[in-house]
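# Observations on the model geometry
Chain by chain, the residues run as shown.
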Number of protein chains: 2
Amino acid sequence: MGTPAETPHRIVMTPAARRALDAAARLFYERGIHAVGVDLIAAEAGVTKKTLYDRFGSKEQIVVEYLADRDERWREFLARHLDAAGPDPRARVLAVFDATGAWAADLSPKGCSMVNAHAEISDPAHPAHPVITGQKRWMLDLFTRLAEDIAPDRAGALARTLMLLHEGALVAHGLGIFPDAAASAREQARALLA
Amino acid sequence: MGTPAETPHRIVMTPAARRALDAAARLFYERGIHAVGVDLIAAEAGVTKKTLYDRFGSKEQIVVEYLADRDERWREFLARHLDAAGPDPRARVLAVFDATGAWAADLSPKGCSMVNAHAEISDPAHPAHPVITGQKRWMLDLFTRLAEDIAPDRAGALARTLMLLHEGALVAHGLGIFPDAAASAREQARALLA
DNA sequence: AGTCGAGTATACCGATCTGTATAGTGGACT
DNA sequence: AGTCCACTATACAGATCGGTATACTCGACT
C-alpha cells in the first residue's frame, strides 16, 4: 500500500523525460488521449521524438506514466489533508471531500482523469487499466477503513455511499451542472455521519 | 422540454443511415469516439463512405446524432419506468434509480455515454456539447421537481444529492469497483426520502 | 418512358498517426 | 584521452485519418 500504483514506475525521469511527461499530462487531460499525438507532445515539451521513444518506448507507456504520476500526486495531496485533519474518523472523511474540492478546483476542471482515461481505453488488458481501477479500489478501501471506525455495523454500505458521493461530485464538477459539487457531497457526507 | 435534445435531429433516417448510426453508436461507446474512424463505421454498417457523407455531412454530425439518439432512448426508457411508478414522488425517485440500474446493466457496461463523450470533447463550441450538458441539466431538473413535491424546504439540496448519487452510480458501475452500484444509490436515496 | 433519390463500388486527396533510422553535439566520469 | 549518456535534428516508413470524386445500379413514383 506504500506504492500508489499496481505497476510501479519503470521510467528513469531524466530532465527531458520529465518535461515530456508534464506536457503529455496537460495535453492528455485537456484534449483526450487519442486526440494527442506524440509529435505534439514532443513539440510542446521541446523534446525530440527520438528522446521520447528512448525514454518511454511507446505512447502507451507515456499514458501509463501520466496516470500513475497523477495518481501518486493525488495520494500525496490527500495524505496532507488527512494528516491535518487529525485522528477523528469523521473529520478525516470530511477532509477527503475537502481535498477533492481543492483538487478539482485547481487541477480537474474536466473531471476525474482516471474516469476520462477509462472512457478512451477499451481493452481491459491495457497496462493503464490496473492504474485506473487501482486508484478507485484504493479510495473505496480508504472509505471502508474510515467507515469501520465510525459505524462498524454498516461500514460497507456507508463506504459505498461515500464513494458514490465522491465520484458523483467529480463528474458533476467536470460537467459543470451545478457549482461546488464537492461542497454538496461534503455536506451530505456530514449528514450521514451524524 | 418535449424534444430531448437542444439541437433537434436534422438527419433523414434512411435505412442505410439507420444502420450506420447504430454501428457508430456501438463502436463509439465501446472504443471511444476518436478511436473510431469513418471507414470502420462504413465497413461495419455495410455502407459506403459516400452514403455516410451524403446522410450526415461530417463525422462530427454522426457524433451529435449518436448522443442525441441515445439521449432520446434514455428519456423514453425512463418515462416508461416513471409511468409505471405512479404519482407518488418518492416512488418516482426510486423508479429513476431502478431505470438507471436496468439501463446500466443492459446498455452501459462502460458507464455514461455522455460523460465518456465529454471526456473526449475539449472544445466547448462542439455541437455535441449542448446535447451532453442538456441531458444532465434535464436530469437535475427532474430530481428538483420531484424533490419539491417531497421536501419543498430543502428541495435544492436534496435534488443535488440525488444527482450526485445518480452520477456516482453510473461511474462506479462503469469502472466495476463494486457490484450493483445503482442498487446502492437507490438504497441511499430511499433513506434520504424517509 | 423518364426522373429522382438512395445506395454501392472504388479510387483518390492531403494530412496525420505511431514508430524507426541515421548522424551528430556536449557534458560528466574514468 | 576515451567512453558513455542524454539529447538534438531530420528524414522516413507504413498505416490510417477525415473527406471528396466519378461512375454505376435499383426501385418507386409520375
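Residues numbered from 1 in each chain as written. Chains lettered and ligands numbered in written order. Predicted model: local features only at pLDDT ≥ 70, side-chain atom pairs only at ≥ 80, totals over all residues. Heavy atoms only, no water.

## Describing the protein's contact with DNA strand D
Heads up, the condition is: We call a residue near a molecule or strand when any one of its heavy atoms sits within 4 Å of it. We call two N or O atoms a polar contact when they sit within 3.5 Å, provided that within protein one can donate a hydrogen and the other can accept it, with sequence-adjacent residues counted only if both atoms are side-chain atoms. The way it works is that DSSP assigns letters per residue, a run of H or I at least four long becomes a helix, a run of E at least two long becomes a strand, and they are numbered from the N terminus. Residues are sorted three ways: Asp, Glu, Lys and Arg are charged, Ala, Val, Leu, Ile, Met, Phe, Trp, Tyr, Cys and Pro are nonpolar, and all the rest, Gly among them, are polar.
Taken together, 19 residues surround DNA strand D, and among them Thr14 and Ala16 of chain A together with Val38, Lys49 and Lys59 of chain B come closest. Sugar and phosphate atoms form 55% of the subset of DNA strand D atoms that lie within 4 Å of the protein. The separation between a phosphate oxygen of DNA strand D and a polar side-chain atom of Thr14 of chain A is 2.7 Å. Side-chain polar atom of Tyr53 of chain B to a phosphate oxygen of DNA strand D: 2.9 Å apart, as the coordinates give it. Listed by contribution, the elements that provide at least two residues to the surface near DNA strand D are α1 (15-31) and α3 (49-56) of chain A together with α2 (38-45) and α3 (49-56) of chain B. Per-class residue counts for the surface near DNA strand D are 6 nonpolar, 6 polar and 7 charged.

## Here's the deal with the protein's contact with DNA strand C
Not every one of the 19 residues close to DNA strand C is listed here, only the nearest: Asp39, Lys49 and Lys59 of chain A together with Ala16 and Thr51 of chain B. Contact distances for DNA strand C include 3.0 Å between a phosphate oxygen and a side-chain N or O atom of Tyr53 of chain A. Within the side chain of Arg55 of chain B, an N or O atom sits 3.2 Å from a phosphate oxygen of DNA strand C. Among the elements of the structure, α2 (38-45) and α3 of chain A together with α1 (15-31) and α3 of chain B are those that each provide at least two residues to the surface near DNA strand C.

## What about the packing of helix α5 (residues 89-107) of chain B against helix α9 (residues 181-193) of chain B?
Residues and elements named next belong to chain B. The criterion, for reference: With axes taken as lines fitted to C-alpha atoms, and helix axes fitted only over the stretch in contact, angles between N-to-C directions fall between 0 and 180 degrees. When describing relative orientation, an angle under 35 degrees is termed roughly parallel and one over 145 degrees roughly antiparallel, while 65 to 115 degrees is termed roughly perpendicular and anything else oblique. Residue contacts are defined here by distance: any two heavy atoms, one from each residue, within 4.5 Å place the two residues in contact.
Between α5 and α9, the least distance of the axes is 9 Å, while the angle of their chain directions is 170°. Here α9 runs roughly antiparallel to α5, going by the angle between their axes. On α9, the residues touching Arg90, Val93, Leu94, Phe97, Asp98, Thr100 and Gly101 of α5 are Ala182, Ala185, Arg186, Ala189, Arg190 and Leu193. By residue class, the composition of the contact of α5 with α9 is 7 nonpolar, 2 polar and 4 charged.

## Quick notes on the packing of α5 of chain B against helix α8 (residues 155-175) of chain B
Relative placement of two packed helices is described by the angle separating their axes and the distance separating the axes. Residue and element names in this part refer to chain B. Note the threshold: Two helices crossing with the near one rotated counterclockwise from the far one by less than a right angle form a left-handed crossing, whereas a clockwise rotation gives a right-handed crossing.
One way to put it is that α5 packs onto α8 with a least axis distance of 11 Å and a crossing angle of 15°. Classed by the angle they form, the pair α5 and α8 counts as roughly parallel. Where α5 crosses over α8, the handedness of that crossing is right-handed. Across the interface between the two elements, Val93, Val96, Phe97, Thr100, Ala104 and Ala105 from α5 touch Leu162, Leu165, His166, Leu170 and His173 from α8. Taken together, the residues of the contact of α5 with α8 break down into 8 nonpolar, 3 polar and no charged.

## Points about helix α4 (residues 59-85) of chain B
Because an α-helix completes one turn every 3.6 residues, residues spaced three or four positions apart along the sequence face the same direction. Quick note on the threshold: The length a helix should cover is 1.5 Å for every residue beyond the first.
Helix length check: α4 of chain B, at 27 residues, gives a terminal C-alpha distance of 39 Å against a target of 39 Å (1.5 Å per residue), a fit within 8%. Immediately downstream of α4 of chain B, the backbone of Gly86 of chain B shows phi near 85°, a positive value.

## Details of the relation of the copies chain A and chain B
In this arrangement, two copies of a chain are superimposed by a rotation about an axis accompanied by a shift along the axis. Test applied: Superposing copies: least-squares fit, C-alpha atoms only, residues required to have pLDDT of at least 70 in both.
Each copy superposes on the other: chain A lies on chain B with an RMSD of 0.1 Å after a rotation of 180° and an axial shift of 0.0 Å. This pairing of chains is accounted for by a two-fold axis. By C-alpha distance to the rotation axis, the residue of chain A lying nearest is Gly168 of chain A, at 1.9 Å. In this assembly, 100% of the residues forming the interface of chain A have copies in chain B that are likewise at the interface, indicating an isologous arrangement.

## Some words on the domain arrangement of chain A
Residue and element names in this part refer to chain A. Rule in force here: An automatic or database domain assignment supplies the start and end points of every domain. The term buried area denotes the loss of accessible surface (1.4 Å probe radius) that occurs when two parts are joined, taken as the sum for both partners. Definition used for salt bridges: Asp or Glu carboxyl oxygen within 4 Å of a side-chain nitrogen of Lys or Arg.
Taken as a whole, chain A is organised into domain 1 (11-57) and domain 2 (59-193). Here the C-alpha centre of domain 2 lies 26 Å away from the C-alpha centre of domain 1. Counting residues at the interface gives 18 residues for domain 1 and 18 residues for domain 2. Roughly 1600 Å² of surface becomes buried between domain 1 and domain 2 when both sides are summed, with 64% attributable to carbon and sulfur atoms. At the junction of domain 1 with domain 2, the criterion picks out 2 salt bridges. A salt bridge links Arg18 to Asp69; the shortest N-O distance between them is 3.0 Å. Linking domain 1 to domain 2 there are 9 residue pairs in polar contact (both at pLDDT 80 or more). For the side of domain 1 that touches domain 2, the element with the most residues is α1, which contributes 8 residues.

## A few points about unusual backbone geometry
Which entries qualify depends on this criterion: With a 1.4 Å probe rolled over the protein chains alone, any residue whose accessible area is under 20% of its type maximum counts as buried; one over 50% counts as exposed, and the rest are partly exposed.
We note that Asp180 of chain A has phi near 55°; this positive angle belongs to a residue other than glycine. We classify Asp180 of chain A as exposed; its relative accessible area is 53%.

## Let's talk about the interface of chain A and chain B
Every contact between the two is made by 37 residues of chain A and, on the other side, 37 residues of chain B. Of the roughly 3100 Å² buried at the junction of chain A and chain B (both faces included), carbon and sulfur atoms supply 73%. Scanning the region where chain A abuts chain B turns up 0 salt bridges. Joining chain A to chain B, the criterion identifies 4 residue pairs in polar contact (both at pLDDT 80 or more). For the side of chain A that touches chain B, the elements supplying multiple residues, two or more each, are α1, α6 (113-120), α7 (129-150), α8 (155-175) and α9 (181-193) of chain A.

## Points about the environment of Glu30 of chain A
As for its placement among the helices and strands, Glu30 of chain A is situated in helix α1. Judged by relative accessible area, which is 38%, Glu30 of chain A ranks as partly exposed. Sequence spacing of Glu30 of chain A and Lys110 of chain A is 80 residues, and the spatial spacing of their C-alpha atoms is 7.5 Å. For Glu30 of chain A, the residues in contact, after removing those within four places along its chain, are Lys110 of chain A together with Ser122 of chain B.

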